[in-house]
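Inside the fold
Listed below, chain by chain, are the residues.
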Amino acid sequence: MAVSYKKLWHLLLDRSLMKKDLEKLAGISSSSITKLGRDEYVNLEILQRVCTALQCNVIEIMEMGPDDPSTLKRS
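If you're wondering where the values come from, they're calculated on a predicted model, not measured in any experiment.

Reading the values: the criteria
- Residues numbered from 1 in each chain as written.
- Predicted model: local features only at pLDDT ≥ 70, side-chain atom pairs only at ≥ 80, totals over all residues.
- Heavy atoms only, no water.
- Helix = DSSP H or I, 4+ residues; strand = E, 2+ residues; numbered from the N terminus.
- Buried < 20%, exposed > 50% of the residue type's maximum accessible area, 1.4 Å probe, protein only.
- Arc of directions from axis to C-beta.
- Contact = heavy atoms within 4.5 Å.
- Polar contact = N/O pair within 3.5 Å; in protein donor to acceptor, adjacent residues only side chain to side chain.
- Core = buried A, V, L, I, M, F, W, Y, C linked by side-chain atoms within 4.5 Å.
- Salt bridge = Lys/Arg side-chain N within 4 Å of Asp/Glu carboxyl O.

Checked against the element boundaries, Lys-35 lands in helix 3 (residues 30-37). As a C-alpha pair, Lys-35 and Tyr-5 span 30 residues in sequence and 9.8 Å in three-dimensional space.

Taken together, the buried positions of helix 4 (residues 44-54) are occupied by Ile-46, Leu-47, Val-50, Cys-51 and Leu-54. Taken down its axis, helix 4 places every buried residue within 135° of arc, on the same side. For helix 4, the exposed residues lying more than 90 degrees away from the buried face are Leu-44, Gln-48 and Thr-52. Looking at the buried positions of helix 4, the neighbouring elements they touch are helix 1 (6-14), helix 2 (19-26) and helix 3. Structurally, the start of helix 4 carries an N-cap: the backbone nitrogen of Glu-45 is 2.7 Å from a side-chain oxygen of Asn-43.

In this section: the nonpolar core. Core analysis: the largest hydrophobic core is formed by 20 residues, its most contacted members being Tyr-5, Leu-8, Leu-22, Leu-36, Val-50, Leu-54 and Ile-61. Secondary structure elements with two or more residues in this core: helix 1, helix 2, helix 3 and helix 4. Looking at this core element by element, the count peaks at five residues for helix 4. Those residues in contact with Leu-36 that sit more than four places away from it in its chain are Tyr-5, Leu-8, Trp-9, Ile-28, Val-42 and Leu-47.

So, about the side chain of Ser-4. Relative to the assigned elements, Ser-4 resides in strand 1 (residues 2-4). Given the relative accessible area of 3%, Ser-4 is considered buried. At a separation of 3.4 Å, a polar atom in the side chain of Ser-4 contacts the main-chain amide nitrogen of Lys-6.

Quick look at the pattern of salt bridges now. Scanning all chains against the criterion turns up two salt bridges. The closest approach of N and O atoms between Lys-20 and Glu-23, which form a salt bridge, is 3.6 Å. Of this pair, Lys-20 and Glu-23 both sit in helix 2, separated by three residues, roughly a single helical turn. The partner of Arg-49 in a salt bridge is Glu-45, with the nearest N and O atoms 2.8 Å apart. In this pair, Arg-49 and Glu-45 are both assigned in helix 4, four residues apart and thus about one turn of the helix distant.

As a further point, take the environment of Gly-37. With respect to the secondary-structure elements, Gly-37 resides in helix 3. Sequence separation between Gly-37 and Lys-6 is 31 residues; the distance between their C-alpha atoms is 8.4 Å.

If you want it as structure tokens, here you go:
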């Protein structure tokens, strides 16, 4: 299953936040931000910290789809 964090980046834009802001708010490392930016798998704890910091649910920051990321629904 392919993972996409495009929803996360849209949410940050909507809230006028940058990746560095998320890093500080969520208390996560820059390498975790990089993994999220590359649509790579991250630990569930990282996702929990992001959701807590942004006061959202995991379905608001990511989606999973077939291994071919081009078939993921675009928002």
